[in-house]
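Residue-level listing of the chains:
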Amino acid sequence: MTTIDFRTDPVAARRHRVVSLVTHADIPDIVWADDETGCYGVRGRDPKGNRIVVEQSGPIRIVSARK
């Protein structure tokens, strides 16, 4: 199990990337992720243009970022 959170530990979180197991592509704009539950949050905007975190779920895997 791996959990990352850019809000509390951005340095450690940058060492990882979150990949969708459906599309096999990186998920952009990740704020936090938990691969045990399959939940993650991405940056978004509400109808008024304010920044928000949108929670989503799906099959994901957190992997170490390549250098």
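The model shown is predicted, which means the values in this text are computed figures rather than measured ones.

Trainee: Looking at this structure, I do not really get the overall build of the chain. What am I missing?
Mentor: Within the chain, the regular secondary structure consists of 1 helix and 6 strands. Its helices and strands taken in sequence order, the chain reads β-α-β-β-β-β-β from the N to the C terminus. Over its C-alpha trace the chain gives a radius of gyration of 12 Å, about what one expects of a compact globule, namely 11 Å for 67 residues. Sequence-distant contacts, at least 24 apart, represent 45% of the contacts inside the chain between residues at least 6 apart. Approximately 4900 Å² of the chain is accessible, and the part contributed by carbon and sulfur atoms is 50%. Across the chain, 11 positive and 9 negative side-chain charges occur, with their mean positions spaced 8 Å apart.

Trainee: What exactly am I supposed to notice about the environment of Pro59 here?
Mentor: Relative to the helices and strands, Pro59 resides in the loop between strand S5 (51–57) and strand S6 (60–64). C-alpha of Pro59 to C-alpha of Asp35: the two residues are 24 residues apart in sequence and 7.8 Å apart in space. If sequence neighbours within four positions are ignored, Pro59 has contacts with Val19, Ser20, Leu21 and Val22.

Each value, and the rule that gives it
- Each chain has its residues counted from 1, following the order in which its sequence is written.
- In keeping with the model being predicted, local features are shown solely for residues with a pLDDT of at least 70 and side-chain atom pairs are shown and tallied solely at 80 or more, while totals for entire chains, interfaces and linings include all residues.
- Side-chain descriptors were evaluated using all non-hydrogen atoms of the structure, hydrogens and water having been removed beforehand.
- A helix here means a DSSP run of H or I that spans at least four residues, while a strand means a run of E at least two residues long, and both kinds are numbered starting from the N terminus.
- Every radius of gyration here is taken over C-alpha atoms, with the globule rule written as 2.2 Å times N^0.38, N being the number of residues.
- Working rule for contacts: check all heavy atoms of both residues, and any pair within 4.5 Å makes them a contact.
- Working definition of accessibility: Shrake-Rupley area with a 1.4 Å probe, residue cover restricted to the visible protein chains.
- All tallies of charge rest on Lys and Arg as positive and Asp and Glu as negative; His and the ends of each chain are not included.
- One atom stands in for each charge, and that atom is NZ of Lys, CZ of Arg, CG of Asp or CD of Glu.

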